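Residues per chain, in single letters:
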Amino acid sequence: MHNNTTAHPAAEFDVKRLETIPFYDTFYEQAIDVVRSIGESPRKWLDTGCGTGNIHLHAKKQFPETEFTLADPARKMLEIARGKAGEGPSFTLSDSQSLQYADDAFDVISAIQCHHYLDQAERKKAVGNCFRMLRPGGVFIVFENIRPLSEKTLPLALKRWQDCQIRCGKTAAEASQHMARFDHEFFPISILEHLRLLNETGFSAVEILWTSYLQAGFYALK
């Protein structure tokens, strides 16, 4: 039994994530770049689905005065994140649907590779809760697995991603097993569906931040 919703035990996550998604660290760089471009250091940053706390390790170098809160539904993930981070951030055992922080509490909220495990109703609730907790003028940054715009290209897209995983160190069997999780253990939506969800949630501006293979990033201003 895995101790988180990913395909990998928490102790193996930091190695396996780069075999599965080779540009994973780029997600952190892009998120931090958006926040840096706003022009002032955020007072409070909430990272939902924080995993082993990697975005915090990158972001605190740029924003040493920012108060970070790391949340994840997997206890083992939080234990590893706490071991990396020390006493700096605060930690919450929760998914993004269930977080109970006050309205308008955070300047930045990030959700990196966590909402694609949710069904349509759960995803809508999670994004809505992040919107509620974000202050007016704040930024929400999300990276997710996605599906192609056309179902006709889905086999090609899955094959490209599978071949990429093999080049990054997985065996053919491991890569094939991961592809079998698509639409069964994680539930990607298209870029257009992401944009629609963010707009319908109430964000005042929504943009595509980054895309490659079957992953994409977005940022939205409240």
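Residues numbered from 1 in each chain as written. Predicted model: local features only at pLDDT ≥ 70, side-chain atom pairs only at ≥ 80, totals over all residues. Heavy atoms only, no water.

**Examining the overall build of the chain**
Here is step 1 of the chain: For the chain, the count of helices and strands is eight helices and seven strands.
Here is step 2 of the chain: Going through the 222 residues of the chain one by one, you find that 53% of them count as buried.
Here is step 3 of the chain: Long-range pairs, those at least 24 residues apart, make up 68% of the contacts in the chain between residues at least 6 apart in sequence.
Here is step 4 of the chain: Carbon and sulfur atoms form 52% of the exposed surface of the chain, whose accessible area is close to 10500 Å².
Here is step 5 of the chain: Separation of charge centres in the chain, based on 25 positive and 28 negative side chains, amounts to 1 Å. (Helix = DSSP H or I, 4+ residues; strand = E, 2+ residues; numbered from the N terminus. Buried < 20%, exposed > 50% of the residue type's maximum accessible area, 1.4 Å probe, protein only. Contact = heavy atoms within 4.5 Å. Areas by Shrake-Rupley, 256 points an atom, 1.4 Å probe, with all protein chains shown as cover. Lys, Arg positive; Asp, Glu negative; His and termini not counted. Charge placed at Lys NZ, Arg CZ, Asp CG, Glu CD.)

**Considering empty space enclosed by the protein**
Here is step 1 of the chain: Overall, the coordinates contain one cavity of 30 Å³ or more when judged by the stated rule.
Here is step 2 of the chain: As a volume, the largest cavity reaches approximately 40 Å³.
Here is step 3 of the chain: His115, Arg123, Val127, Val142, His194, Leu197 and Leu198 are the residues that line the largest cavity.
Here is step 4 of the chain: Elements with a minimum of two residues in the lining of the largest cavity: α5 (120–133) and α8 (191–201).
Here is step 5 of the chain: Per-element accounting of the lining of the largest cavity gives the leading share, three residues, to α8. (1 Å grid on protein atoms, 1.4 Å probe; cavity = no way out; pocket = protein on both sides within 12 Å on 5 of 7 lines; lining within 4 Å. Points joined across faces, edges and corners; volume = space filled by probe spheres on them.)

**Here's the deal with the nonpolar core**
Here is step 1 of the chain: One finds Trp45, Ile109, Phe140, Ile141, Leu198 and Phe203 to be the most contacted residues of the largest nonpolar core, which totals 58 residues.
Here is step 2 of the chain: With seven residues, helix α2 (residues 24–38) is the largest single contributor of residues to this core.
Here is step 3 of the chain: The residues contacting Ile141, other than those within four sequence positions of it, are Ala31, Val34, Val35, Ile109, Ser110, Ala111, Leu209, Phe218 and Tyr219.
Here is step 4 of the chain: Counting residues in each nonpolar core, the second largest holds six residues, with Cys50, Leu78, Ala81 and Ala85 among its members. (Core = buried A, V, L, I, M, F, W, Y, C linked by side-chain atoms within 4.5 Å.)

**Concerning the sheet that holds strand β2 (residues 67–72)**
Here is step 1 of the chain: With respect to topology, seven strands assemble into an open sheet ordered β3-β2-β1-β4-β5-β7-β6, the strand pairing being mixed. Two strands lie at the open edges of the sheet, namely β3 (90–93) and β6 (205–212), each paired on one side alone. Ignoring strand direction, the axes of neighbouring strands in this sheet form an average angle of 15°.
Here is step 2 of the chain: Pairing of β6 with strand β7 (residues 215–221), which is carried by seven bridges, proceeds in the antiparallel orientation. Note that in β7 the partner of Val206 across the bridge is Ala220.
Here is step 3 of the chain: Set on the sheet, helix α4 (residues 75–85) makes contact with β2 and β3; between it and β3 the angle comes to about 175°. (Pairing = 2+ DSSP bridges. Axes fitted to C-alpha atoms, helices over the stretch in contact; angles between N-to-C directions.)

**Quick word on the packing of aromatic side chains**
Here is step 1 of the chain: Counted by the stated rule, this structure contains 14 aromatic pairs.
Here is step 2 of the chain: The interplanar angle of 45° and the centroid separation of 5.8 Å between the aromatic rings of Tyr24 and Tyr28 together place this pair among those described as tilted. Of the two residues, Tyr24 and Tyr28 both sit in helix α2, four residues apart, roughly one turn of that helix.
Here is step 3 of the chain: An aromatic cluster of at least three residues, connected via ring pairs, comprises Phe23, Tyr24, Phe27, Tyr28, Phe143, Trp210 and Tyr213.
Here is step 4 of the chain: Lying across the ring of Tyr24, Arg17 places its NZ or CZ 5.2 Å from the centre. (Phe/Tyr/Trp six-rings, centres within 6.5 Å; stacked < 30°, edge-to-face > 60°. Lys NZ or Arg CZ within 6 Å of the ring centre and 35° of its normal.)

**Here we look at the environment of Cys130**
Here is step 1 of the chain: Of note, Cys130 is situated in helix α5.
Here is step 2 of the chain: The exposure class assigned to Cys130 is buried, which follows from its relative accessible area of 1%.
Here is step 3 of the chain: Along the primary structure Cys130 and Asp119 are separated by 11 residues, whereas in three dimensions their C-alpha atoms are 16 Å apart.
Here is step 4 of the chain: In this structure Cys130 touches Thr48, Ser96, Ile109 and Phe140, once residues within four positions along its chain are discounted.

**Notes on unusual backbone geometry**
Here is step 1 of the chain: Unlike most non-glycine residues, Asp183 shows phi in positive territory, near 70°.
Here is step 2 of the chain: Within the secondary structure, Asp183 is located in the loop between α7 (172–179) and α8.
Here is step 3 of the chain: A relative accessible area of 34% places Asp183 in the partly exposed class.
Here is step 4 of the chain: For Tyr213, which is not a glycine, the phi torsion comes out positive at approximately 50°.
Here is step 5 of the chain: Relative to the helices and strands, Tyr213 is located in the loop between β6 and β7.

Any link to function would need more than the numbers given here.
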